Amino acid sequence: MKKNIIRLIFIFVFFMLIYNFFGYYHNIYDATLMYGYSRPLIYGKLPYVDLNIITTPLYYFYSASFLLVHDSFISFTVGNAIIGTLIFYLLFKLYDYKAYLFILLISICKLYPV
């Protein structure tokens, strides 16, 4: 049990490092747009009425819940790191140590974006 918790903490820190230092601050694509659409929700704006979005708003509400705690891009990346950690946890339960290939794939995609 303790080994699993240490593994999850390591994966969470890994995702935070990937999101913060390898691409999230350096692009103007998905992360910035998702943050930009999540931020008005904490001020009472409504999806599809006040915001021109074409996707379902579940992720925006999820991200806005972290922005309620602290309105910054770091809290937004904490929410994303939690999603990445949960995905890894589920993959580890299904595929055991092959789930580390997911970590390798994320690393390669962040270091060498298409």
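Throughout what follows, the structure given in this document is the object of discussion. (Residues numbered from 1 in each chain as written. Predicted model: local features only at pLDDT ≥ 70, side-chain atom pairs only at ≥ 80, totals over all residues. Heavy atoms only, no water.)

## Looking at the overall build of the chain
The helix and strand tally for the chain stands at five helices and zero strands. For the chain, the succession of helices and strands along the chain, N to C, is α-α-α-α-α. Expressed as a percentage of its 114 residues, the buried residues of the chain come to 34%. Looking at the chain alone, contacts between residues at least 24 apart form 60% of all its contacts between residues at least 6 apart. Taken as a whole, the chain presents about 7,900 Å² of accessible surface, with 73% of it coming from carbon and sulfur. (Helix = DSSP H or I, 4+ residues; strand = E, 2+ residues; numbered from the N terminus. Buried < 20%, exposed > 50% of the residue type's maximum accessible area, 1.4 Å probe, protein only. Contact = heavy atoms within 4.5 Å. Areas by Shrake-Rupley, 256 points an atom, 1.4 Å probe, with all protein chains shown as cover.)

## With respect to the side chain of serine 75
If you trace the backbone, serine 75 turns up in helix 4 (residues 73-95). Within the structure, the side chain of serine 75 is placed 2.9 Å from the backbone oxygen of serine 72, a separation counted as a polar contact. Serine 75 has contacts with Phe66, Leu67 and His70, leaving out every residue within four places of it along the chain. (Polar contact = N/O pair within 3.5 Å; in protein donor to acceptor, adjacent residues only side chain to side chain.)

## What to know about unusual backbone geometry
Of note, tyrosine 48 is a non-glycine position whose phi angle comes to about 70°, a positive value. Despite not being glycine, aspartate 96 has its phi angle at roughly 60°, a positive value. Residue placement: aspartate 96 occurs in the loop between helix 4 and helix 5 (100-111). Look at aspartate 96 and you get partly exposed, because its relative accessible area is 43%.

## Here's the deal with helix 1 (residues 2-21)
With 20 residues, helix 1 should reach 28 Å at 1.5 Å per residue; the first-to-last C-alpha distance of 28 Å fits that figure. Within helix 1, burial applies to Arg7, Ile11, Phe14, Phe15, Met16, Ile18, Tyr19 and Asn20. (Expected span 1.5 Å × (residues − 1).)

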